[in-house]
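An overview of the molecular structure
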Amino acid sequence: MPGFKKIGLLWPADGRNDREFWNWLPASVSVLIVRYDVDGRLGVEQIESDGDINRIAAAARLLRHVNPDLIALGDCAAGFIGGKDFERAQMDAASSSCNGIPVISMSSSIVEALNFAGARRVAILSPYSSGVTERFESYLRDSGFSLSSGKCISAGSESLIERISSERWIEEADSAEAAEADALVVPGGGVSLSTLIARLEKRIGKPVVCGPGALMWKALRTLGREPSSDRLGFLFGAGSGSALKSMDADARQILSTASKVFALSQEPPQFASGKGAWLFDERGKRYLDFACGSGVASLGYGHPAVVSGVRRQLDSGLTHLGPHFVNSVQVEYYHLLREILPPQLCRMHPATNGTEATESALKAAMHFTGRKNFISFIGGYHGRTLGSLAVSSARGSNRILGKLSPEVRFLELGCDEMEIRNFMDKRPRPAGAVVEAVQATNGVIFPPRGWLRRLAELAEHYGVPLIIDEVFTGFGRTGTFFAIEQEQLVPDLLVLGKCLGGGFPAGLIAGRDEIMSAWPIGSQSSTFQFNPISAAAAKASLEAMIAEDSPAAARSIEKILREQLVELREFPFVADIRGRGAMFGIEIATREGKPDRKRCKSIRSAALDRGLITWECGSDGHVIGLIPPFVVDEGQIALCAGILRECFSLNSH
Ligand code: PMP
């Protein structure tokens, strides 16, 4: 089965509670249990000797040929009684006895789960005696928690722990005095709570973390898998999960039907944080982001230079300025940008995003030429406000709006020179020609080499301003700072946006002096255009891109991605895999060669479930866009390719 995962569980020989673990496991994850010989009595000394490192190493060795993805140490008490160093030694011994694979332990998983639940002060409900429980208390204190109360059931043996009834657990939880605590923790490996956690949590109104639950939670998290049941408490979704689900339902009622939020999944992940190429959802599940928030997070999430640039600006108190003033960070940015632009594009005009920048370019060209109509290209996408929409042939459901203004003549991308001449020579002449350097939204489509340059020559010849839209491709995406460098051309106006703002809203046009000096004061402005926070983020981000040589990073991503994706060509529904720099598209087609939107969506949705975010593109939503951040590493690219391979196989019938 593709993506089948194996957890090796090392577990004392009393064998209590094997069933408990299965309750959490989703399909395609298995637990292989090795029981090792122990004394079985629950005194401090006996437990200490049960956790003997040689015994654990020998048990782990038995799993060598099974080759699990992970080993979980199930003897909770042996871990906390020995203390953290001893537990670490147990884990190292298990790992080195079994091919060096990752090892997790129950006590440290409890600590991680409590941290995940946001607990600082905890109440303990212990099945053990007071002597053993005291060791657990000091383990928790060593891990930074304060204790509000402790209750010992003192069951005496694993078989007695197993026999504690549901009613008794509920009674004991009631008397554990958890009112002052953030969470209730039940240590112990033999605790059968899997079907009771949700009830207990409801009763005491806080997360309940038990040993086996925490261990499997940590194991599934490490393997990037979701548990099979949502009855299993805060960690597995019955607590936080139901809140998340109702948030989805809420959002569905509040958001307009034009929102894209539910386009791929009815229960999209709700992201809480990001680092580098990873995003983390509210439950702590991680996702590899190969969409970059529609091509924005090119330096990944939380880049330290960008964070400190923004923080400095925030600390200054100047978070907004409006269009009537300019501040130093904005001007410094314009100068920095000029250093990487052709010298002819010497004047800038700020905007809030890509569509506003496109509108500004159209307007600048209209003021300069005194003309009204435009040439644009089939498949082009320039934004969703009305002027940008008018020059976009990719209109999706806006097609029904009919004729828009300005009037536009759409030509084929890569069309014959004569066709361009025909329309540029027409009276009245067009106010401009608008073209994407690479058609991103249309499915990562490249114009033929040399064609853009020829278009620029013709535009110059006929006096038609050429507007090149590099909102998507700008700032290194295709392996050079701007895609126009590869064609050795200089447009009259260059439209920029997306990752320009380092994750903050920003857009801008850079243009030739004669055009950018031809429109009167105030003919284009908006309140938030390139506000100081966006400018600070843009400046920090561009400095980092120059220092880290982002275009070179994109070129090496291209090389690795190309190699990793080759295998996918074997699937009969893969019509094409194309890309340049850190920008790839995998086109999915039916047997008849028609766009296969359904299969594409199903692959992308399966990938999302497995922790990979892809970008939707293509004229019919039939292209899987891969737009990784420049900070992605070789291992992450291999992980992406592996998940795609698995999802392609799952969807190959
Ligand atoms: N131009 C291009 C080439 C784009 O890809 C986009 C956004 N996908 C835009 C313009 C519009 O940018 P925004 O969404 O910021 O308005």
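Scroll up to find the structure this text is about.
First, a word on what this report is: a plain description of the structure on this page. Everything numeric in this text was worked out from a predicted model, so none of it was measured.

Our focus in this paragraph is the overall build of the chain. When helices and strands are counted, the chain shows 25 helices and 23 strands. Along the longest, intermediate and shortest principal axes, the C-alpha atoms of the chain span 95 × 60 × 45 Å. Counting all 653 residues of the chain, 56% fall into the buried class. In the chain, the proportion of contacts linking residues at least 24 apart, taken out of those at least 6 apart, comes to 73%. Carbon and sulfur atoms make up 50% of the accessible area of the chain, which totals about 27,400 Å². When the 71 basic and 74 acidic side-chain charges of the chain are each reduced to a single mean position, those positions are 5 Å apart.

A few words now on the pairing of strand 16 (residues 466-469). Judged by which residues are buried, strand 16 turns out to be covered on both faces: Leu466 and Ile468 on one side and Ile467 and Asp469 on the other are all buried. Pairing between strand 15 (residues 432-436) and strand 16: four bridges, direction parallel. The partner of Ala433 across the bridge, within strand 16, is Leu466. As for the winding sense of the linkage, the β-α-β connection from strand 15 through helix 19 (residues 451-462) to strand 16 is right-handed. Pairing geometry for strand 16 and strand 17 (residues 493-496), over three bridges, is parallel. By the bridge assignment for strand 17, Ile468 is matched with Leu494.

With that out of the way, let us pick up the site of the ligand. Around the ligand, the surrounding shell consists of Asn353, Gly354, Thr355, Tyr381, His382, Gly383, Glu436, Thr441, Asp469, Val471, Phe472 and Lys498. Between Thr355 and the ligand, the recorded distance is 2.8 Å, taken from a backbone N or O atom to an oxygen atom. Note that a nitrogen atom of the ligand is positioned 2.8 Å from one of the side-chain N or O atoms of Lys498. Taken by itself the ligand offers 390 Å² of open surface, and the protein chains cover 83% of this.

Criteria and cut-off values
- Residues numbered from 1 in each chain as written.
- Predicted model: local features only at pLDDT ≥ 70, side-chain atom pairs only at ≥ 80, totals over all residues.
- Heavy atoms only, no water.
- Helix = DSSP H or I, 4+ residues; strand = E, 2+ residues; numbered from the N terminus.
- Buried < 20%, exposed > 50% of the residue type's maximum accessible area, 1.4 Å probe, protein only.
- Contact = heavy atoms within 4.5 Å.
- Areas by Shrake-Rupley, 256 points an atom, 1.4 Å probe, with all protein chains shown as cover.
- Lys, Arg positive; Asp, Glu negative; His and termini not counted.
- Charge placed at Lys NZ, Arg CZ, Asp CG, Glu CD.
- Pairing = 2+ DSSP bridges.
- Right-handed = clockwise from strand over helix to strand, strands pointing away.
- Near = heavy atom within 4 Å.
- Polar contact = N/O pair within 3.5 Å; in protein donor to acceptor, adjacent residues only side chain to side chain.

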